[in-house]
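Take a look at the letters that make up each chain.
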Number of protein chains: 2
Amino acid sequence: MSHQEDLTAYIAAFVAELSKTGVKDVVISPGSRSTPMALVMAEHPDLRTHILVDERSASFFALGIAKATRKPVALLCTSGTAAANYYPAVIEASISRVPLLVLTADRPHELRDVGAPQAIDQLHLYGKNVKWFVEMAPPERTEDMIRYARTVCGRAAATASSYPQGPVHLNFPFREPLIPKLDGNLFELPERAGGYIDIQTGHISLSDEMFKRIAEDLATYKNGIIVCGQIDNSEFAERVIALADSLKFPIIADPLSQLRSGDHDGRHIVDTYDAFLRNEDAKEALKPDVIIRFGAMPVSKALTIFIKENRHARQFVIDSGAGWREPTMSASDMYYCDEALFCEKISSAVGHVKESSYLDKWLALNDTAKQQLMDISGVEELSEGKLFHLLAEMLPEGATLFVGNSMPIRDLDSFFLLNEKNIKVMANRGANGIDGIVSTALGVASVSQPCYLVLGDLTLYHDLNGLLASKLYDIDINILLINNNGGGIFSFLPQANEPKHFEMLFGTPLDLDFSHVVAMYKGKYDLIKDWEHFFETFVENQRVKGLKVMEIRTARDSNMMEHRNLWKSVSREITALLNGEES
Amino acid sequence: MSHQEDLTAYIAAFVAELSKTGVKDVVISPGSRSTPMALVMAEHPDLRTHILVDERSASFFALGIAKATRKPVALLCTSGTAAANYYPAVIEASISRVPLLVLTADRPHELRDVGAPQAIDQLHLYGKNVKWFVEMAPPERTEDMIRYARTVCGRAAATASSYPQGPVHLNFPFREPLIPKLDGNLFELPERAGGYIDIQTGHISLSDEMFKRIAEDLATYKNGIIVCGQIDNSEFAERVIALADSLKFPIIADPLSQLRSGDHDGRHIVDTYDAFLRNEDAKEALKPDVIIRFGAMPVSKALTIFIKENRHARQFVIDSGAGWREPTMSASDMYYCDEALFCEKISSAVGHVKESSYLDKWLALNDTAKQQLMDISGVEELSEGKLFHLLAEMLPEGATLFVGNSMPIRDLDSFFLLNEKNIKVMANRGANGIDGIVSTALGVASVSQPCYLVLGDLTLYHDLNGLLASKLYDIDINILLINNNGGGIFSFLPQANEPKHFEMLFGTPLDLDFSHVVAMYKGKYDLIKDWEHFFETFVENQRVKGLKVMEIRTARDSNMMEHRNLWKSVSREITALLNGEES
């Protein structure tokens, strides 16, 4: 049985190395061609295997684990369109810089492109959306081929993990028979038992002269702002706050910057800019002469417009991933450097600015806007905005809040404001899809508790299959479903002014009673009647395990009006404040 | 508003031309970037628009319509991972040769690869899996650009429709504002009002000398078989039967060859080969010296092995799509020629063979196997095999039977035997995925009634979202769910002998009560208790509109035993028959 021994030794070496590189989780979708890898992975004592039938949900689940842990997660599927179902999650991982190891089983060479069953062209299946693609050599157990399997494995994990993190795709041709021999010391590595090759990537840094020059440049500007978009660097928050304190610049903090929650010093943090940057007087009063930007582009369209309208300003974009997160065509300086290091070096070089009336203006406008936005807390009917306002108060310490795209991320931006809790806020903001949100959140929940997911009805529908993971693996998750029966965001877009075809093409009401599907997945479902019912159920559910869905029904029209009215009242007060200052 | 006029005129010309090329159905998934195209399509009086939120289900739904009509169906989605969700269906369309026009909206050039929201690299998104990819020019209304939009549209439809049919991808960069002007004579074409360019593709044919030579060659062989896999050519059945009658060759008819049902002459059709070609005596007795093969490779593994074991035989493969449907590495002659034409030319050239003892042997073995397989009709408990046997009797005239991959297609092969009804049998046998089956069947059902879908529980789960189409568009469908709580096919594969990890990796029981989800989609659900209940419900459901699900619960182990026992009894009788003949 030389074939079986070749197959077993080669795959066992790969899987043993996978574990040595630090991979803990593998998400497997059942299939025939992937049998040898699946069986060997299941046999490994240190790998946690998750078996999910729908590959699309499986891949987003893996994405969720990898987002939460920042470590590569392996995905395994059989040959054919199974692998194509990973495509959305692979693209999201690529753009949002999440490490994934995509392992696809394939037919051997002689069964490709000849009409054999379940055979598709898997070479470069994900195009330029992976950092590295390898067509693996057919299994052999010569010393060199064992070294090859281990080396590729280590290299793949290192490539996925190094900045910018992202997906890697390895395609394995397997010939029948597909059954490995699961006995003996399967994972004993005769050579270099501790791991084949230790791969370390350094952090990207500018030279000290360059830091000095940047600090000197910055000292020539008076009116500066720091803009922080989505970023995932545990040291960043403290360092950027120190930088802001040195420069006396406000920090415009996107909800995904992880700066709106935590016990750090929040004095310079501006969190209501999306509301007040809609006001022309505010924009006039706040014209910056320098912008320092970290992380992805923020969610707020008002902020994006503000940046575009201030192209005269010097704009530094700092990116440890050496990418091009600059859709505004306004940056003047692009620095590829670790963000936390940049903050540290610059703040120690610039010294300490004493005061800034420009900063004070930002903070005053922020306070005024916040007072108006707080009006939402008095709303008696169920409201999308108020929900996010309440969450900042109600979420337990240490919680993760995962939000869907479209409206929830925007309401998060508007209403989830500065607080001192330790709350991690997450979303799929690489490609901003409504696909795979349930699965991504469940992947997060499988490694980080407690976990709350807020999403709309179309997003829930899109990944209903994701709920299965909660049932199969007893994962606790609190889902807050905002059901406005359709695509709420379109009410805010220009097509809302064209009533013809609107409901058919954009409103798209599905009229689904989700309690049925929650019952199928053995979850607890509550249709929230009013805020009191919401408070009670929220507290009650903290003691309930598994899947819990609280459905909050809202109306798209009144939601849109509520937002418009709030923005108007913010704008009115901002104008009053600014005119008062001027007089 | 020159921008709006450019946008409107360009898109309206494209959409008007789309309708002129004969496209009737467009499947749209809601989104913002695709707004101009969606609104203009909705405005067209002759296009039928279907709005489906999950792009994966939407694309398989479009595939189903195109499979049933053999005409291109247009798909439209917004930018981002929405388009990536089409990937599985695009690959299936490519391999199974189904015409699709995939239209994706994209960000304009200046918003690509710069971290703008919902922007991914959509150029060549589906790689080599489309017949043609075009990055469309930005909208303009010069005469030339209107001609360009119309020409590309006509060319795309012709490319998708010409043999081998397949998917085409057009990517449209749209700049904001995205609202077209929906007034005036939107679809009035000032130039060539009847369609811009008439594109005709001829049928592929060999020369008369070549047909003559093939006929002469064939006359030198005595023991020939005709193998027909999945094929979709309305003239083929009659012609291949005439060819078989001329040559006195048996026709080995795959269930997707459309030869097992119909009022055509069935005397030469062999339908139980999957059972008797497992017997070594039968294979010895039936060694062919020539094989003529049409269509895709048949489903039966026993037949594939038989072909491989007879590599000494001359083997002609006829393919109007000029592909390479030949995984057995045994063909000796590959002819790219319209299949119906080939049959016609060859049968008129070969004259008429009087009789063939070789043919008689195939037919005798077929009769013997059929008698044994008929034993399944006496099975009292609910059985997967018996269900397919019954369907041949019970399906109404004119029905379409769509079957899932994995076990249903194999049981169809074994038990859905020759009948005189007009029944169309369909499956997704390009890449044989378990993804998108519900949606494909619903696409078929939207244009062809009555429609029956037989599938397993994992396949239903994979595309539960597909059920929404039935609710939204009042599509009648009869779903026969064979619920054996997991992956039934794996019980037939070698891993079934390795009990360790088997249930976890391959059995994968989901323990789902599907009645809940059927209720959510407002369908009628029946859990079938016994055969009598099945008969009653089957008849009753013919008078019920909408979604109807009959769930038949079976056990994977006893199903496998039932199949094994039947094959054993077929084998025993075949051996007895052949020994009797010899004595």
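Residues numbered from 1 in each chain as written. Chains lettered and ligands numbered in written order. Predicted model: local features only at pLDDT ≥ 70, side-chain atom pairs only at ≥ 80, totals over all residues. Heavy atoms only, no water.

A look at the overall build of chain A
Right, so step 1: Secondary structure assignment for chain A yields 22 helices and 18 strands.
Right, so step 2: The principal-axis extents of the C-alpha atoms in chain A amount to approximately 90 × 60 × 45 Å.
Right, so step 3: Summarising the internal contacts of chain A: among those between residues at least 6 apart in sequence, 77% fall at separations of at least 24.
Right, so step 4: If you sum the accessible surface of chain A, you get close to 20,600 Å²; carbon and sulfur atoms cover 50% of it.
Right, so step 5: The averaged location of the 78 negative side-chain charges in chain A is 2 Å from the averaged location of its 58 positive side-chain charges. (Helix = DSSP H or I, 4+ residues; strand = E, 2+ residues; numbered from the N terminus. Contact = heavy atoms within 4.5 Å. Areas by Shrake-Rupley, 256 points an atom, 1.4 Å probe, with all protein chains shown as cover. Lys, Arg positive; Asp, Glu negative; His and termini not counted. Charge placed at Lys NZ, Arg CZ, Asp CG, Glu CD.)

Quick notes on the interface of chain B and chain A
Right, so step 1: The interface of chain B with chain A comprises 81 residues on the first partner and 81 residues on the second.
Right, so step 2: Summed over both partners, the interface of chain B with chain A buries about 6,800 Å², with 63% contributed by carbon and sulfur atoms.
Right, so step 3: The three residues of chain B that bury the most area against chain A are Tyr461(B), Leu505(B) and Met520(B), which together make up 9% of that side's buried surface.
Right, so step 4: Applying the counting criterion to the chain B and chain A interface returns eight salt bridges. (Buried area = accessible area lost by both parts, 1.4 Å probe. Salt bridge = Lys/Arg side-chain N within 4 Å of Asp/Glu carboxyl O.)

Here's the deal with the pattern of salt bridges
Right, so step 1: If you walk through the whole model with that rule in mind, you get 78 salt bridges over all chains.
Right, so step 2: The residue Glu17(A) makes a salt bridge to Arg150(A) at a minimum N-O spacing of 2.6 Å. Taken together, the residues span a long stretch of sequence, with Glu17(A) in helix α1 (residues 2-20) and Arg150(A) in helix α6 (residues 143-161) at a distance of 133 residues. Arg150(A) shares its class with Glu17(A); the two are buried.
Right, so step 3: Here Lys283(B) ties to Glu280(B) by a salt bridge, and the two come within 3.7 Å at their closest N and O atoms. With a gap of three residues between them, Lys283(B) and Glu280(B) both fall in helix α10 (residues 280-285), about one helical turn apart.
Right, so step 4: A relative accessible area of 55% places Glu280(B) in the exposed class. (Buried < 20%, exposed > 50% of the residue type's maximum accessible area, 1.4 Å probe, protein only.)

Here we look at the relation of the copies chain B and chain A
Right, so step 1: At an RMSD of 0.0 Å, chain B and chain A line up after a rotation of 180° and a shift of 0.0 Å along the axis. The symmetry that links the two subunits is that of a two-fold axis.
Right, so step 2: Of all interface residues in chain B, 100% are interface residues in chain A too; the two copies therefore contact each other through one and the same surface. (Least-squares fit on C-alpha atoms with pLDDT ≥ 70 in both.)

Looking at empty space enclosed by the protein
If a probe as big as a water molecule is rolled over the atoms, it shows which places are left empty.
Right, so step 1: Inspection of every chain in the model, using the stated rule, returns four cavities of 30 Å³ or more.
Right, so step 2: By volume, the largest cavity is sized at about 50 Å³.
Right, so step 3: Considering the residues around the largest cavity, the lining is formed by Leu52(A), Val53(A), Asp54(A), Ser57(A), Phe61(A), Ser439(A), Asn465(A), Gly466(A), Leu468(A), Ala469(A) and Tyr461(B).
Right, so step 4: Of all the secondary structure elements, the ones that give two or more residues to the lining of the largest cavity are α3 (55-69) and α18 (468-473) of chain A. (1 Å grid on protein atoms, 1.4 Å probe; cavity = no way out; pocket = protein on both sides within 12 Å on 5 of 7 lines; lining within 4 Å. Points joined across faces, edges and corners; volume = space filled by probe spheres on them.)

Some points on the nonpolar core
Buried together is how nonpolar side chains tend to be arranged in soluble globular proteins.
Right, so step 1: With 124 residues, the main nonpolar core has Val517(A), Tyr521(A), Val517(B) and Tyr521(B) as its most contacted residues.
Right, so step 2: Setting aside residues up to four positions removed in sequence, Val517(B) forms contacts with Val517(A), Met520(A), Leu464(B) and Leu467(B). (Core = buried A, V, L, I, M, F, W, Y, C linked by side-chain atoms within 4.5 Å.)

Focus on the sheet that holds strand β14 (residues 424-426) of chain B
Residue and element names in this part refer to chain B.
Right, so step 1: Taken together, the six strands give an open sheet; going across it, the order is β14-β13-β15-β16-β18-β17, and neighbouring strands pair in parallel fashion. Only two strands of the sheet have a single partner each, and these edge strands are β14 and β17 (524-527). Neighbour-to-neighbour, the strand axes of this sheet turn through a mean angle of 15°, independent of strand direction.
Right, so step 2: Of the pairings in the sheet, the one linking strand β16 (residues 477-483) to strand β18 (residues 547-553) comprises seven bridges and is parallel in character. Residue pairing across strands places Asn478 opposite Lys548, the latter belonging to β18.
Right, so step 3: Contacting β13 (400-403), β14 and β15 (451-456), helix α15 (residues 407-415) crosses the sheet at an angle of about 130° to β13.
Right, so step 4: Taken strand by strand, helix α16 (residues 437-445) contacts β13, β14, β15 and β16, and its axis lies near 175° from that of β15. (Pairing = 2+ DSSP bridges. Axes fitted to C-alpha atoms, helices over the stretch in contact; angles between N-to-C directions.)

Let's talk about the packing of helix α1 (residues 2-20) of chain B against helix α2 (residues 35-43) of chain B
Residues and elements named next belong to chain B.
Right, so step 1: At a closest axis distance of 10 Å, the pairing of α1 and α2 adopts a crossing angle of 50°. Put simply, α1 runs oblique to α2. Crossing angle aside, the handedness with which α1 passes α2 is right-handed. Along the contact surface, α1 presents Leu7, Ile11, Ala12, Phe14, Val15 and Leu18, while α2 presents Pro36, Met37, Val40 and Met41. (Parallel < 35°, antiparallel > 145°, perpendicular 65-115°, else oblique. Left-handed = near helix turned anticlockwise from the far one by under 90°.)

Quick look at the pairing of strand β4 (residues 100-106) of chain B
Residues and elements named next belong to chain B.
Right, so step 1: Buried residues dominate β4, accounting for seven of its seven residues.
Right, so step 2: By the alternation rule, side chains of β4 split into Leu100, Val102, Thr104 and Asp106 and Leu101, Leu103 and Ala105, which are all buried.
Right, so step 3: With five bridges joining them, strand β3 (residues 73-77) and β4 adopt parallel strand pairing. Looking at the pairing, Ala74 lines up with Leu101 of β4.
Right, so step 4: Pairing of β4 with strand β6 (residues 167-173), which is carried by seven bridges, proceeds in the parallel orientation.

Side note on the sheet that holds strand β1 (residues 25-28) of chain A
All names here are of chain A.
Right, so step 1: Spatially, β2-β1-β3-β4-β6-β5 is the arrangement adopted by the six strands of the open sheet, whose pairing is parallel. The open sheet has two free edges, formed respectively by β2 (48-51) and β5 (132-135), since each of these has just one partner strand. Ignoring strand direction, the axes of neighbouring strands in this sheet form an average angle of 15°.
Right, so step 2: Pairing of β1 with strand β3 (residues 73-77) involves three bridges; the strand directions are parallel. From the neighbouring strand, Val26 faces β3, where its bridge partner is Ala74.

Description of the domain arrangement of chain A
Residues and elements named next belong to chain A.
Right, so step 1: Domain annotation for chain A reports domain 1 (2-173), domain 2 (208-371) and domain 3 (384-553).
Right, so step 2: Using only C-alpha atoms to locate each centre, domain 1 and domain 3 end up separated by 31 Å.
Right, so step 3: With both chains or domains summed, domain 1 and domain 3 bury close to 1,700 Å², and 64% of this area falls on carbon and sulfur atoms.
Right, so step 4: Applying the counting rule to domain 1 against domain 3 returns zero salt bridges.
Right, so step 5: For the interface between domain 1 and domain 3, the tally reads 10 residue pairs in polar contact (both at pLDDT 80 or more).
Right, so step 6: Every element with two or more residues in the side of domain 1 that touches domain 3 is listed here: β2, α3 and α5 (87-96).
Right, so step 7: Of the residues contributing to the side of domain 1 that touches domain 3, the split by class is nine nonpolar, six polar and five charged. (Domains from an automatic or database assignment. Polar contact = N/O pair within 3.5 Å; in protein donor to acceptor, adjacent residues only side chain to side chain. Nonpolar A, V, L, I, M, F, W, Y, C, P; charged D, E, K, R; others polar.)

Some remarks on unusual backbone geometry
Right, so step 1: Following Tyr163(A), the chain continues into Pro164(A) via a peptide bond in cis, with omega recorded as -10°.
Right, so step 2: Along the chain, the position of Pro164(A) falls in the loop between α6 and β6 (167-173).
Right, so step 3: In this structure, Pro177(A) follows Glu176(A) across a cis peptide bond, with omega equal to -5°.
Right, so step 4: Turning to its location among the elements, Pro177(A) is positioned in the loop between β6 and α7 (208-219).
Right, so step 5: Backbone geometry at Thr508(A) places phi at a positive 40°, although glycine is not the residue there.
Right, so step 6: By the secondary structure assignment, Thr508(A) is in the loop between α19 (502-507) and α20 (515-520).
Right, so step 7: Take Thr508(A): its relative accessible area is 6%, and that puts it in the buried class.
Right, so step 8: Even without being glycine, Asp511(B) reaches a positive phi, approximately 50°.
Right, so step 9: Mapped onto the secondary structure, Asp511(B) falls in the loop between α19 (502-507) and α20 (515-520).

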